[in-house]
Amino acid sequence: MIASTLFRIAVMAVCVAFVMQDRGADAQEFESDDRDWQLYTDSFVEDGRVIDTGNDDISHSEGQGYGMVLAVAFNDLETFGSIWSWTSHRIWVRDDRSIAWRWEEDERPPITDANPAPDGDILVAWALIRAHQTWGIDEHAEAARAILDGIKENLIRRVGTVPVISAGISGFDVEGGFIVNPSYWIFPALTDIRRFDNDPLWDAVHETGRRLVRNARFGRLNLVPDWVVIDSSNGRLTTLPDDMDDLFRGFGYNAVRVPLYLLWDEPSAGDDIQPIADLWDHQGDGPVAIEVDLGSDRLLHRSDGQGYRAVRALVNCVVADEAMPSGLQSLNEGQDYYSASLYLLTRVAMAERDLAC
């Protein structure tokens, strides 16, 4: 079923004030000698470069951002400094203050895709904000402001007056509209950014994302997909064109982050991700459904990665008050970068929101 009503708000301004809640950025829940964090840094961080072991060992802005956010959460200034140094010298090199997305060690030049991925920019800026709040280093706040200015100038598009996070600066336009990625709305980051930057634009962007999650639901299962097309004239939402083969057309590895980001920001928002909760219902602690073709409603892939199981456990905690499975009490060796990142991010989110399921 194609959602068609969300972006009728495109003809009106969206500027909704959110209640800004303290969420734990100022109070450390973890320490740098935490066993899970040590396993993460030993496995994926090399001289400040966060390595995506499930994606040909490339590095990218998302991974650097995740590493920086986690380093602050685990009170590890040394690792934060090394990841930020690598990021600022290797991929924060565009003249427009945006961050290049993809870096490959064996390629020349190593930046193989300079187009920014907005979630990476948002994550890095968020991490710098939290680092400034935690350690009080002014350079972190200055860098955060520069990256936020780049996001506002280069990566926010409008449908009418409604601000939307684009999928990139170039390459995501289609006839009559453009492509967005719902998982690029990192809701707790947007809330913290609003508090730091004091620009009401972030409230409007936040609200646009909430409406997108509620309304971009497709197929019999009403799931949010990895990628959505927005009509530039009327805000109508559709799935990707049939002839677009380079992006996944269903619910997948990107969209699996949506409930994590939403519940991290607002645990009471369980109704907004109910279709995902329904998809994952009755799975116990077994493999998680993480790829669904929304054209045929066919389940394509399950994974027993701890990160996906942790996100599902977070959803079950909020929606059904289910306890955290015993198999998720600590990070196991052998997880790839993405699964391990989701696991630790979920752990931090549950601690900050005091979710003791």
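This text follows the structure it describes.
Residues numbered from 1 in each chain as written. Predicted model: local features only at pLDDT ≥ 70, side-chain atom pairs only at ≥ 80, totals over all residues. Heavy atoms only, no water.

1. Comments concerning the pairing of strand S10 (residues 228–231)
Summarising the sheet, strand S9 (residues 177–180) and S10 pair through four bridges and their orientation is antiparallel. By the bridge assignment, Gly 177 is partnered in S10 with Asp 231. Pairing of S10 with strand S11 (residues 237–238) involves two bridges; the strand directions are antiparallel. If you follow Val 229 over to S11, its bridge partner there is Thr 238. Hairpin connection, S10 to S11: the antiparallel pair is bridged by five residues, and Gly 235 has positive phi, about 75 degrees. (Pairing = 2+ DSSP bridges. Helix = DSSP H or I, 4+ residues; strand = E, 2+ residues; numbered from the N terminus.)

2. Points about the environment of Trp 185
Mapped onto the elements, Trp 185 comes out in the loop between S9 and helix H6 (187–197). When the C-alpha atoms of Trp 185 and Ile 151 are compared, they prove to be 13 Å apart, with 34 residues separating the residues in sequence. If we skip the residues at most four places from it in the chain, Trp 185 touches Val 164, Ile 165, Val 180, Leu 190, Val 205, Thr 208, Gly 209, Leu 212 and Tyr 261. (Contact = heavy atoms within 4.5 Å.)

3. Structural notes on the sheet that holds strand S3 (residues 59–60)
What the three strands build is an open sheet, ordered S3-S4-S5; its pairing is antiparallel. Either end of the sheet is taken by a strand with one partner, and the two such strands are S3 and strand S5 (111–113). Of the strand pairs in this sheet, strand S4 (residues 102–103) and S5 are connected by two bridges, and their pairing is antiparallel. Residue Arg 102 lies in a different strand from S5, and its bridge partner there is Asp 113.

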